[in-house]
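# Structural overview
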Amino acid sequence: MRKVVYPKVGGVDSIQIVEEDDPVPEQDEICVRIHRAGINFADLMMRQGLYGSNPEYPFTPGYEAAGEVISVGEAVNGISKGQRVLAMTGFGGYSEMVCLDANRVIPLPDSVSFDQAAALPVTYGTAYHMLVYLGNLSQEDTVLIHHAAGGVGTAVAQICQAYGVSKVIGTASAPKREFVESLGMYFVDSKSEDFVSVCKSLTDEKGVHHAIDPVGGKHLMRSYKALRRGGKLYCFGASSAVKGEKRSMATAMAMWASTPKFDPLKMMRSNKAVFGVHMGLLDDASIFKGHLEALSDMLLKGQIDPIIDSVWRFEQVSDAQRHMHDRKNRGKILLDFS
Ligand SMILES: NC(=O)c1ccc[n+]([C@@H]2O[C@H](COP(=O)([O-])OP(=O)(O)OC[C@H]3O[C@@H](n4cnc5c(N)ncnc54)[C@H](OP(=O)(O)O)[C@@H]3O)[C@@H](O)[C@H]2O)c1
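Residues numbered from 1 in each chain as written. Predicted model: local features only at pLDDT ≥ 70, side-chain atom pairs only at ≥ 80, totals over all residues. Heavy atoms only, no water.

## Quick word on the nonpolar core
Stated formally: Put simply, buried Ala, Val, Leu, Ile, Met, Phe, Trp, Tyr and Cys residues joined by side-chain atoms within 4.5 Å make one nonpolar core. Under the scheme applied here, a residue whose accessible area is under 20% of the maximum for its type counts as buried, over 50% as exposed, and between as partly exposed, the area being computed with a 1.4 Å probe on protein chains only. Helix and strand labels come from DSSP, where a helix needs a run of H or I of at least four residues and a strand needs a run of E of at least two; each type is numbered from the N terminus. As used throughout, domain bounds are those supplied by an automatic or database domain assignment. Contacts are assigned to residue pairs with any non-hydrogen atoms lying within 4.5 Å of each other.
Among the nonpolar cores identified, the biggest contains 47 residues, and Val143, Val156 and Ile212 are the most heavily contacted of them. Among the elements of the structure, helix 2 (114-119), helix 3 (121-134), strand 8 (142-145), helix 4 (151-162), strand 9 (167-172), helix 5 (177-182) and helix 10 (285-300) are those that each provide at least two residues to this core. Looking at this core, you find at least three residues from each of domain 1 (2-120 + 306-336) and domain 2 (122-280). Here isoleucine 212 is in contact with Met130, Leu131, Val143, Leu144, Ile145, His146, Val156, Tyr234 and Phe236, once residues within four sequence places are set aside. Formed by 32 residues, the second largest nonpolar core is a distinct cluster that contains Ile34, Tyr63, Ala87 and Trp312.

Shown next as structure tokens:
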């Protein structure tokens, strides 16, 4: 079988495809033949050595994948060969086959495609965790989301629609205006407009209830300023540490050095909250499982439906990641291993 490997820190051209023996499941494992794997922004950061919680190089990235079961360990019950499943790989999803613990595999209903399944967990799971689990989202709330046209951004837009939230403000680069507006969001050009004043002007100068910030660095303080009293800021990414395809340590250091130190006393006086969110480092796996159950229900009811930007053959993984670096994606990028 073949799989994608990051041999060491590098640009998109450093990515390799290697061949190795087909994996055999341990007693409590399931082996899945992958059809689709999701690409996440985190995969780009891992490749550049900017992530902090990935395995040692060389390793195979890929948090999420969908495919069919090809073999089952002797101690596994309830899942059989040929079944279509979502595989929460953790790492290793960019692969033709993967063996993983049986409790990381979720059977798929016939009506859910491999594309939908591979596009859902990380983006929607993260959006749901912030807005619903931590944020107690309600219909009257106003939401600010950055990278609004991306994977998490489009998930936030759909979850807000499902919860009846009518005022969602989305920042993105200029060519994405129409797309962002088509998802029911109020568009703000991330380069040329001041999102803080837009948020204030759209909320009677009060500010938004939820500000969802994957940019990091000094951008976080601007998102904090866009909040109303009692509002919540979610710090869940650091895209401003990434300059392009190749790592720039100067850019990464600038992001880190400009990250604000929030003052708890000032936060107390304004009743504002700041959440740090890293879905890959949740201690209690049942939390994420609960989110996936709720999201599956929403998917089956037609309340959400992942927007797929593009599907690339896995041999084109460098081009697929370059597509994200070039800010061309609208929704989720997938790799095809079928
Ligand atoms: N903490 C967690 O558990 C968690 C989980 C999932 C995602 N995240 C974070 O959420 C963010 C979105 O993730 P995603 O996977 O859905 O990706 P995504 O939003 O689809 O990422 C690509 C988009 O990000 C924007 N962008 C901003 N800075 C960029 C840069 N330096 N290089 C390239 N693109 C940049 C671009 O949109 P514009 O054209 O609009 O600028 C681009 O199209 C990322 O920061 C990611 O790390 C965190």
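Now, onward.
## Describing the pattern of salt bridges
Keep this limit in mind: A side-chain nitrogen of Lys or Arg and a carboxyl oxygen of Asp or Glu constitute a salt bridge if their distance falls within 4 Å.
This model, assessed by the stated rule, comprises 15 salt bridges. The partner of glutamate 315 in a salt bridge is arginine 2, and the shortest N-O contact between them spans 3.5 Å. Residue glutamate 315 is located in the loop between strand 14 (308-313) and helix 11 (317-325), and its partner arginine 2 is located in strand 1 (residues 2-5); the two are separated by 313 residues in the primary sequence. Across the salt bridge formed by arginine 313 and aspartate 336, the nearest N and O atoms sit 3.6 Å from each other. With arginine 313 in strand 14 and aspartate 336 in strand 15 (residues 332-336), this residue pair connects regions lying 23 residues apart in the sequence. You can call aspartate 336 buried: its relative accessible area is 14%.

## Points about the sheet that holds strand 13 (residues 273-276)
Note the cut-off: The pairing criterion for strands is at least two bridges between them, as found by DSSP. Where helices are involved, their axes are fitted lines through C-alpha atoms of the stretch in contact, as for all axes, and angles between N-to-C directions lie from 0 to 180°.
Pairing within the open sheet is parallel, and its six strands lie in the order 10-9-8-11-12-13. Two strands bound the open sheet, and with one partner strand each, they are strand 10 (186-189) and strand 13. Geometrically, the sheet is characterised by an average inter-axis angle of 15 degrees between neighbouring strands, direction not taken into account. Strands in contact with helix 4 are strand 8, strand 9 and strand 11 (208-213); relative to strand 8, the strand with the most contacts, it is inclined by about 170 degrees.

## Let's talk about the packing of helix 3 against helix 4
Put simply, the rule is: Roughly parallel covers angles under 35 degrees, roughly antiparallel covers those over 145, roughly perpendicular covers 65 to 115, and oblique covers all other angles. Crossings are assigned a handedness: left-handed for a near helix turned anticlockwise from the far helix by less than a right angle, right-handed for a clockwise turn. Each residue is assigned to one class: nonpolar for Ala, Val, Leu, Ile, Met, Phe, Trp, Tyr, Cys and Pro, charged for Asp, Glu, Lys and Arg, and polar for all the others, Gly among them.
Orientation of helix 3 relative to helix 4, taken along the N-to-C sense of each, is 50 degrees, at an axis distance of 8 Å. Between helix 3 and helix 4, the angle falls in the class oblique. For the pair helix 3 and helix 4, the crossing hand works out as right-handed. Where helix 3 abuts helix 4, its residues Thr123, Tyr124, Ala127, Tyr128, Met130, Leu131 and Val132 lie against Gly151, Val152, Ala155, Val156, Gln158, Ile159 and Cys160. When the residues that make up the contact of helix 3 with helix 4 are grouped by side-chain class, the tally is eleven nonpolar, three polar and no charged.

## Structural notes on the pairing of strand 11
We apply this condition: Whether a crossover is right-handed comes down to one check: with the strands pointing away from the viewer, does the path from the first strand over the helix to the second run clockwise; if it does, it is right-handed.
Buried residues dominate strand 11, accounting for five of its six residues. The pairing of strand 8 with strand 11 spans three bridges and is parallel. Counterpart to isoleucine 145 in the pairing with strand 11 is isoleucine 212. Pairing between strand 11 and strand 12 (residues 227-235): five bridges, direction parallel. Bridging from a neighbouring strand, isoleucine 212 pairs with tyrosine 234 of strand 12. The β-α-β motif built from strand 11, the intervening helix 7 (residues 219-225) and the parallel element strand 12 has right-handed crossover chirality.

## A look at the domain arrangement of the chain
Our working definition: Reported buried area values correspond to the accessible surface (1.4 Å probe) lost by two parts on association, with both partners' losses combined.
Each domain of the chain was delimited in the assignment, giving domain 1 (2-120 + 306-336) and domain 2 (122-280). Centre-to-centre, using C-alpha coordinates, domain 1 lies 27 Å away from domain 2. Summing the contributions of domain 1 and of domain 2, the shared interface buries around 2,100 Å²; its carbon and sulfur component is 59%. The tally of links between domain 1 and domain 2 comes to one salt bridge. Elements supplying a minimum of two residues to the side of domain 1 that touches domain 2: helix 1 (41-47) and helix 11. With three residues, helix 1 is the largest single contributor of residues to the side of domain 1 that touches domain 2. Split into classes, the residues belonging to the side of domain 1 that touches domain 2 amount to eleven nonpolar, nine polar and seven charged.

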